[in-house]
Each structure stands twice: as C-alpha cells, then as structure tokens.
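Descriptive analysis of the structure
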Amino acid sequence: MRKSLNRWLNDTVEAMMDDIRRLRPALPRMLALGEPTHGEDDLLRLRNRLFRQLVEEHGYRTIALESDCLRGLIVDDFIGGGDGSLDAVMASGFSHEWGAFEGNRELVRWMRAHNEGRPGADRVRFAGFDGPLEISGGASPREALTGLHRYLAERIDPSLLPCSAETLDRLIGDDGRWPEPAAMMDPSRSVGRTPEAVELRLIADDLVALLDEHTPEFPSETARLYGRTATGLLRYHHWMADSTSARLTRLLGVRDSMMAANLLALRGRTLVFAHNSHLQRTRSSMRMGGPLLHWWGAGALVDAQLGDDYGFFAIALGTIRHQGVEAPPPDTLEGILYAGPANKNKNKEPYSASPSNRNAEPNSAAPANSNAEPNSAAPANSNAEPNSAALANKNTEPNSAAPVDVVDPAELAGRPMTARVSPWFGYAPFDPAGLDRVDGIVFVKDVGASAPPETKPTRSA
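The present account deals with the structure reproduced in this document. (Residues numbered from 1 in each chain as written. Predicted model: local features only at pLDDT ≥ 70, side-chain atom pairs only at ≥ 80, totals over all residues. Heavy atoms only, no water.)

A short note on the overall build of the protein
The secondary structure content of the protein amounts to 13 helices and 12 strands. Here the protein holds 461 residues, and 58% of them are scored as buried. Looking at the protein alone, contacts between residues at least 24 apart form 81% of all its contacts between residues at least 6 apart. Accessible area for the protein stands at about 18200 Å²; split by element, carbon and sulfur atoms hold 49% of it. (Helix = DSSP H or I, 4+ residues; strand = E, 2+ residues; numbered from the N terminus. Buried < 20%, exposed > 50% of the residue type's maximum accessible area, 1.4 Å probe, protein only. Contact = heavy atoms within 4.5 Å. Areas by Shrake-Rupley, 256 points an atom, 1.4 Å probe, with all protein chains shown as cover.)

If you want it as structure tokens, here you go:
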C-alpha cells in the first residue's frame, strides 16, 4: 500500500511540475508555494514531494518555512549531520507547534538522509524565515543580541563594542517579561518602550553597524541573522507598546518585513512554503476585532526586490470536511474549479490524481479571510501513517484521491465570481481580485476527508 501511495504522490507532483514549468518556463530562483490554512498534512506531503523533485531535477537546495528563524538553525544543523535525535529536533527546531505535524517530520527525515555522504554543493538546507514571534507576542531579544555580541567580542577589539556582556544582560533583564501575552490587548503591559528597551535598540543598531563595517573579515550568515532578528524583535516590541491606531498595522508590517529580510538573505534556488497572506504579491488584509487592516506581506516585499526571480503559486481548497468546510458556492473561484477542470490548455489533458489518469484542478489563495486570523493552523491527523495517502481518503483506494491541478489565472480572467466566505476561521479563501498577481493557482479539491476533528494543535497564519 505504501508503495502505491508514494507512486500516486510522485505522479501527482510530476503533473504539477509540468504545469508549473508551463506557466514559468524559466523556474525562478525563489519559488513560493502559499497555503490557505496551516497544518493540513495532505498539503505538507504534497509540498515535500514537490521540494524533492525540485532538488533532484531542478537544482533547488533550500526550503524556507514559516517558522522561527533562530530555531531553524537547529534543524539545519541536524539535517547537515549534527548530533541529536529527530524527536528532539522536532520539539525544539520549530515554532508555532509546527514540529508536531507528521509532514514536517517527514521533511526533516528525508533532508537528513539526502545529505548523507554528499559534498557541500549538493546538500540541502533548511531555513525558518519567521521571527521569534507568536500570535500573542514576541520573544526576548536575548538569544539574538547576546549571540551577535559574543560573535563580535571574540573577533574585534572590545573597546569598539557599545557595551559589555554584563550591561547587555542587565538591560534585557528577566526574559519572561518580554513575551507578555496580555500586552497584545493592553499596550501598557509591554516593556517595548521602557528606558532599557530604548537603550537596547541603540545597542543593537551599533552592533549591526560594527558587523557591517567588518564584512570582509566576518561574512557570517548566522551573525547577520542574529543582527536582523535583534533589531526586528526590538522594533516589534516597540510597536507592541504603542497606544495609537497604527499599532496593529505596524505589528503586522514589522513581522512581514522581518520575514522578507530573512528570505532575501538566502542564496541559491529556494522553495518557500507559508500562508498565502505572507507570500502573495498583493497587499494583505486581516481583521482583528476592529477595522480591516492592510499591510504589505513578505512576498510583495521580496517580489519588489527580485522581480522575475520570485514566483508565487497559491493553493486554494475545495473542501476541508473535518473542519466543516463543504463544497464551495458555485459563483466563487473555488466553486468554479470544484465543478470541473478549468484548465483548457490544448497541449495537455486534464489529469486526475492517480498514476494512470492524471486529472487536476486549480488552486489559489491570496489575502487572508478578513474574518480569519492570519496564522490559524488546521489540525492535522495525529493518527495518520507517515506515508498515508496525501489528499486521499483513507477509506478509499489511493487512485480515488481528490484531484489536484495547477491553473493559469489568465484562463479565469473575465469570469464573474465572488469571494468565498469560509465557515471556519482557520481557512482563508482566495480573493479573486488577486488573480492577475499569481503565477498559478494550485487547486486541491478535497483534503482531510477522513481526519478526526480533534488532533494536532491549532494556530493562526
């Protein structure tokens, strides 16, 4: 059974890859695949097989996920042959509880096996590109600030440093006061504008400037990551303590700016996987109990820098049955795609998600549902086999699995459609207004049909 399921996934991804190459004949250096909900293992396994094919056939070497950039160093070390157990890495190397998902475990296991015995140029790398941020607030800046300070102190004249390690420790104080959950709703509970925090921002700026001044001597990727994270975290905490109407918009913008900086620092061909709201080229939007908020996401910022070297394919879903998301209304984009293959390209037959007869349907996702929080994670099936049929109903044969297709947005241009409204806050439907700003829409007709409703933890985008 496992062999047939693996074959099904491989054939599905081959068909996807054919369509991606049709829409982007010259694959971009940074290929972004956006998901409209978090934690669906079906989508994670599809992502894993796509990354494997990109590595083996198209020279991609890095995968970047919406997870803490500092914790990502733990995963990258492990897949490079570092010590430790897979269980320990999954527990400590991911934020947002992403390490609990079987699809992510499968990815790390494959990457480590792939790297064994390979020269450096052929090895794959892992990167988290989110900041050390949760929906309730930001982490202490200690790890980033002390890491950067220690790196410089070991390499330059100590008199050039803006402060001693002891001063840094005193200003940071108790780490537990920084991620104060109550500060998300009450700015006065944040320490982000205390005299100590203000002084730390100046120190972080000086430390990054010192690193820049010594770039020819110390071109360290990790030290620069520490610098970006320290300045970004302190800026985030500064706006957490703000009491004006700009507060939430700035928090969203600062987070995605940190994401974009981490993506732009990556070298070589990279697959990026995150929520559509972070990867789309159009302005993102979200409602957090008040007026609709708008900000530019990481994808828009990266696209402005990389141009043709950035590609974005958005995933849209037909149903998520275990979350009560049933067949979409026929006048929505998802409804049009759910009704039947929309891809009418004369040079290829519609393919169904099976090894013998590939039949697919498109998908997209852009701004988050205005009623959904942008980091909501869909529960995953904790009882699933590591290689259980992605996108397949466990009670059916793998060849009866739901269709997957990649659709050219131009083929949908001019068709009247409305934006779908999801009954479940964790799914952000694709906004058809963004059709002209995606390279393709990956439509997955059904996911999680047999997954139990109470499984893995949930988090918003």
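Anyway, onward from the coordinates.
Focus: helix H9 (residues 221-240)
Between its first and last C-alpha atoms H9 spans 28 Å; for 20 residues at 1.5 Å apiece the expected length is 28 Å, and the two agree. Burial analysis of H9 places 14 of its 20 residues in the buried class, the great majority of the element. (Expected span 1.5 Å × (residues − 1).)

Things to note about the pairing of strand E8 (residues 292-295)
Across a regular strand the side chains alternate sides, sitting on one face of the sheet and then on the other. Here E8 shows a clear split, with Leu293 and Trp295 buried on one side and none of Leu292 and His294 buried on the other. Strand direction decides the pairing type here: strand E7 (residues 284-287) and E8, joined by four bridges, are antiparallel. Bridging from a neighbouring strand, arginine 287 pairs with leucine 292 of E8. (Pairing = 2+ DSSP bridges.)

Regarding the packing of aromatic side chains
Counted by the stated rule, this structure contains five aromatic pairs. For the ring pair tryptophan 424 and phenylalanine 425, a centre distance of 6.1 Å and an interplane angle of 65° mean the geometry is edge-to-face. The ring of phenylalanine 273 carries the charged tip of arginine 47 above its face, separated from the ring centre by 5.1 Å. Just above the ring of phenylalanine 78 sits the side chain of arginine 112; from NZ or CZ to the centre is 4.2 Å. (Phe/Tyr/Trp six-rings, centres within 6.5 Å; stacked < 30°, edge-to-face > 60°. Lys NZ or Arg CZ within 6 Å of the ring centre and 35° of its normal.)

What to know about the nonpolar core
Counting 80 residues, the largest nonpolar core has Phe51, Met111, Leu412, Ile441 and Val442 as the members making the most contacts within it. Ranked by residue count, the leading element in this core is strand E9 (residues 310-320), at eight residues. Counting 28 residues, the second largest nonpolar core, distinct from the first, contains Leu145, Leu171, Ile172 and Ala230. (Core = buried A, V, L, I, M, F, W, Y, C linked by side-chain atoms within 4.5 Å.)

Topic: the packing of helix H8 (residues 195-213) against H9
Two elements in contact, H8 and H9, have axes separated by 10 Å at closest approach and are oriented at 155°. Regarding the angle of H8 to H9, the classification is roughly antiparallel. The two elements H8 and H9 meet at a crossing, and its hand is left-handed. Facing H8, whose interface residues are Leu200, Arg201, Ala204, Asp205, Val208, Leu211 and Asp212, H9 presents Ala223, Arg224, Gly227, Ala230, Thr231, Leu234, Arg235 and His238. Split into classes, the residues belonging to the contact of H8 with H9 amount to seven nonpolar, three polar and five charged. (Axes fitted to C-alpha atoms, helices over the stretch in contact; angles between N-to-C directions. Parallel < 35°, antiparallel > 145°, perpendicular 65-115°, else oblique. Left-handed = near helix turned anticlockwise from the far one by under 90°. Nonpolar A, V, L, I, M, F, W, Y, C, P; charged D, E, K, R; others polar.)

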